[in-house]
Amino acid sequence: NRRLVLAAHPRGLPTEDDFRLETAPVPGPGEGQVLLRTLFLSIDPYMRNLMDQAGPGYAPPVPLGGTMPGGTISRVVASRHPGFQSGALVQANAGWQDYALSDGSDLVPVDGLARPSLALGGLGMPGFTAYVGLLDIGQPRAGETVVVAAATGAVGAVAGQLARLHGARVVGIAGGADKCRHAVEVLGFDACIDHRAPDFRTRLAAACADGIDVYFENVGGAVLDAVLPLLNPHARIPLCGFIAHYDQDGPAAGRDRRPALLATLLSKRVRMQGFIILDHYASRFAAFRRDMEPWVGEGRIVLVEDVVDGLEQAPAALAGLLQGRNLGKLVVKVAE
Ligand code: NDP
């Protein structure tokens, strides 16, 4: 059994040296357990937060020497659990390894999906994050302008398409001309602005001539700075993530931007609400799947995956995600 463990707490962007590949015999399932073979491993931004010594607060940090955690699509290859037969395909939390044991309590059968890996993306945690953040917190109305950061990523691509489906005008923000073209041509956004372009702020202002009513925040940093002056009175900001700062080591350089943020929120009566998606499964996941499956089936929402081959590529894939190298939901294909 190959597994990737945390070798060191990263300073800034994670490097190969922060991980160690270990090999151990494949374990056998005890009474009431199943043995899982990992087929797909989800790579998500929160993994970077779990590598810090202090952790993010909403989940325990990975200890040094601990296997990197992660959502997976796995096959049951041996079972001593009455609820799971050998051969079954399940969604699991096997982490960054070839094989894992489970007592079944965290397993969800995967059936009826064209691509099982979608249960890690648009039909799973990231898609659900977009749904709760945009619809429950953002509450876009027809004709309003919705701006989505990290627009072509796992969460952003779904958030933007949901906003369009609800009649809003959607402006994405993404890194590079290719991603922006993808947002408009494939995902159906009304416009998409490259946050790396030198005239980013002017172009964003031009694309949001009526101001911004909902800003789906995934990023922070310079993207948030450019959005703030464009917010309309009573704008809503679902605070989903702030990935521009996850690798930040120590306080930011430069002028203190807190007063500008607070003045904008106050004077424009903006509602900014953070959320952790784990809180919403019991009340909203069933509704999400009931709505999303037909939208995806009818092609009204397009789900794009970025598939990397081989467990040993997972560290580079996570570093790439933090630098914007992925297009769509990033997954590692571990086995056939
Ligand atoms: P993505 O697929 O969107 O990948 C991350 C993207 O972030 C990159 O592709 C890159 O896109 C963008 N990015 C990285 N660094 C920067 C930067 N400095 N400035 C601007 N953009 C940057 O990841 P996910 O869809 O999985 O996650 C999106 C966000 O949602 C993250 O912040 C994540 O932490 C958050 N999240 C929150 C959850 C919650 O419960 N609150 C649950 C799940 C996710 P580009 O090339 O376009 O810049």
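All values derive from a computational prediction rather than experimental measurement. (Residues numbered from 1 in each chain as written. Predicted model: local features only at pLDDT ≥ 70, side-chain atom pairs only at ≥ 80, totals over all residues. Heavy atoms only, no water.)

## Quick look at the overall build of the protein
And then number 1: Within the protein, the secondary structure is distributed over nine helices and 15 strands.
And then number 2: Here the C-alpha atoms of the protein give a radius of gyration of 20 Å, agreeing with the 20 Å that 2.2 N^0.38 yields for 336 residues.
And then number 3: Seen through its C-alpha atoms, the protein measures out along the principal axes to roughly 60 × 45 × 35 Å.
And then number 4: Burial status across the protein gives 52% buried among its 336 residues.
And then number 5: Total accessible area computed for the protein in this model is approximately 14900 Å², and 53% of it derives from carbon and sulfur atoms.
And then number 6: Positive and negative side-chain charges in the protein, numbering 31 and 34 respectively, have mean positions lying 4 Å apart. (Helix = DSSP H or I, 4+ residues; strand = E, 2+ residues; numbered from the N terminus. Rg over C-alpha atoms; globule rule 2.2 N^0.38 Å. Buried < 20%, exposed > 50% of the residue type's maximum accessible area, 1.4 Å probe, protein only. Areas by Shrake-Rupley, 256 points an atom, 1.4 Å probe, with all protein chains shown as cover. Lys, Arg positive; Asp, Glu negative; His and termini not counted. Charge placed at Lys NZ, Arg CZ, Asp CG, Glu CD.)

## Some thoughts on helix H8 (residues 281-297)
Note on helix geometry: an α-helix contains 3.6 residues per turn, so any two residues three or four positions apart are oriented the same way.
And then number 1: Look at H8: 22 Å from first C-alpha to last across 17 residues, which is about the 24 Å you get at 1.5 Å a residue.
And then number 2: Looking at the buried side of H8, the elements it contacts are helix H2 (125-138) and helix H3 (154-165).
And then number 3: Backbone geometry just after H8 places Gly-299 at a positive phi near 80°. (Expected span 1.5 Å × (residues − 1). Contact = heavy atoms within 4.5 Å.)

## Examining the confidence of the model for the protein
And then number 1: On average, the protein scores 97 in pLDDT, and the residues at 70 or more come to 100%.
And then number 2: No element of the protein has a lower mean pLDDT than strand S7 (residues 108-109), at 95, and none a higher one than strand S11 (residues 212-216), at 99. (pLDDT = per-residue confidence, 0-100.)

## Re the packing of H2 against H3
And then number 1: The geometry of H2 relative to H3 is characterised by a closest axis approach of 8 Å and an angle of 45° between their N-to-C directions. Considering the angle they form, H2 stands oblique to H3. For H2 against H3, the interelement crossing comes out right-handed. Residue-level contacts link Pro-126, Gly-127, Thr-129, Ala-130, Tyr-131 and Leu-134 of H2 to Ala-154, Val-155, Val-158, Ala-159, Leu-162 and Ala-163 of H3. (Axes fitted to C-alpha atoms, helices over the stretch in contact; angles between N-to-C directions. Parallel < 35°, antiparallel > 145°, perpendicular 65-115°, else oblique. Left-handed = near helix turned anticlockwise from the far one by under 90°.)

## Some words on the packing of aromatic side chains
Centre distance and the angle of the planes are the two values used to describe a pair of aromatic rings.
And then number 1: Inspection of the entire model under this criterion finds eight aromatic pairs.
And then number 2: Ring geometry for Phe-19 and Trp-96: centres 5.4 Å apart, planes at 10°, overall stacked. With Phe-19 in strand S2 (residues 19-23) and Trp-96 in the loop between strand S5 (89-92) and strand S6 (99-102), the pair connects residues that are 77 residues apart, well separated along the chain.
And then number 3: Here Trp-96 falls in the buried class, since its relative accessible area comes to 0%.
And then number 4: With 5.5 Å between their ring centres and 45° between their planes, Phe-285 and Phe-288 make a pair best called tilted. Of this pair, Phe-285 and Phe-288 both sit in helix H8, three residues apart, which is roughly one turn of that helix.
And then number 5: Every member of this aromatic cluster is reached through a ring pair, and the members are Phe-128, Tyr-131, Tyr-281, Phe-285 and Phe-288.
And then number 6: Here Arg-37 stacks its cationic end above the ring of Tyr-99, 4.8 Å away from the centre of that ring. (Phe/Tyr/Trp six-rings, centres within 6.5 Å; stacked < 30°, edge-to-face > 60°. Lys NZ or Arg CZ within 6 Å of the ring centre and 35° of its normal.)

## Section: unusual backbone geometry
And then number 1: Even without a glycine there, the phi angle at Ala-150 is positive, about 45°.
And then number 2: By secondary structure assignment, the location of Ala-150 is in the loop between strand S8 (145-148) and H3.

## Quick word on the site of the ligand
And then number 1: What surrounds the ligand is a group of 27 residues, the closest being Val-155, Lys-179, His-195, Tyr-246 and Asn-326.
And then number 2: Within the backbone of Asn-218, a nitrogen or oxygen atom sits 2.9 Å from an oxygen atom of the ligand.
And then number 3: Contacts to the ligand include Cys-240, whose backbone N or O atom sits 3.0 Å from a nitrogen atom.
And then number 4: Expressed as a share of its isolated accessible area of 910 Å², the protein-covered part of the ligand is 89%.
And then number 5: Those elements that place two or more of their residues in the shell around the ligand are H2, H3 and helix H9 (314-322).
And then number 6: Across the shell around the ligand, the residue classes break down as 17 nonpolar, nine polar and one charged.
And then number 7: Both domains that meet at the shell around the ligand, namely domain 1 (2-121 + 304-333) and domain 2 (125-277), each give it at least three residues. (Near = heavy atom within 4 Å. Polar contact = N/O pair within 3.5 Å; in protein donor to acceptor, adjacent residues only side chain to side chain. Nonpolar A, V, L, I, M, F, W, Y, C, P; charged D, E, K, R; others polar. Domains from an automatic or database assignment.)

## Some points on the environment of Ala-197
And then number 1: Mapped onto the secondary structure, Ala-197 falls in the loop between strand S10 (191-194) and helix H5 (200-207).
And then number 2: Judged by its relative accessible area of 12%, Ala-197 is buried.
And then number 3: Ala-197 sits 147 residues away from Leu-50 along the chain, and the two C-alpha atoms are 31 Å apart.

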